[in-house]
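Inside the fold
Chain by chain, the residues:
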Amino acid sequence: MSNRFHLAVEAGDLSVTVEWYQEVLGCKLDMSELGSEEGLWQDVDFWGNELTLHSSTPRKAKNLDMNRHDVAMGNVVVPHFGVHLEMDQYTQVRQNVLNNNGFLDKPYIRFEGTDYQQETFFVEDPNHNVLEIKHMVNPRSPQ
């Protein structure tokens, strides 16, 4: 049995945000056969991890807790969460984001020429939660 990561976030208008995770990111619903206390929360299969979207008052603006941190490869938004995807999945999600609401930070390459080379972008969901989606050239195996 592998360990799964669980994260719960405020989703604002649950129906809008759930649709975005399904249509833009390509995520599947999890526990949908149990009803997931319809209207209160919905589990999403976030590439093998459990993301729980909780209905809340929608944010009218970007996350007030969002800051940018200067790091060696750029200026990244904190807090954020994300996923490492295989190139075919990454390419599909990148195109879906481009075709829909666009990027918070456009795709770029970090750590070029190293074992940690990756292409990454940042995007906001409908409730302004920030996600980082990346593809690692040399994925690391779980410890």
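Just so it is clear, the structure is predicted and the values come from calculations on it, not from any experiment.

Cut-offs used in this document
Residues numbered from 1 in each chain as written. Predicted model: local features only at pLDDT ≥ 70, side-chain atom pairs only at ≥ 80, totals over all residues. Heavy atoms only, no water. Salt bridge = Lys/Arg side-chain N within 4 Å of Asp/Glu carboxyl O. Helix = DSSP H or I, 4+ residues; strand = E, 2+ residues; numbered from the N terminus. Buried < 20%, exposed > 50% of the residue type's maximum accessible area, 1.4 Å probe, protein only. Contact = heavy atoms within 4.5 Å.

On to the pattern of salt bridges, then. All told, the structure shown has 6 salt bridges when counted by the stated rule. Residue Arg 59 pairs with Glu 10 through a salt bridge whose shortest N-O separation is 3.3 Å. Linking Arg 59 in the loop between strand 4 (49-55) and strand 5 (67-71) with Glu 10 in strand 1 (residues 6-12), this pair joins segments that are 49 residues apart in sequence. By relative accessible area, which is 25% here, Arg 59 ends up partly exposed. Residue classification places Glu 10 among the partly exposed positions, given a relative accessible area of 41%.

Our focus in this paragraph is the environment of Asn 96. Topologically, Asn 96 is positioned in helix 2 (residues 87-99). Using a relative accessible area of 16% as the deciding quantity, one classes Asn 96 as buried. On a C-alpha basis, the gap between Asn 96 and Gly 26 in space is 8.7 Å, while along the polypeptide they are 70 residues apart. Sequence-distant contacts of Asn 96, that is, excluding residues within four places in its chain, are made with Glu 23 and Val 24.

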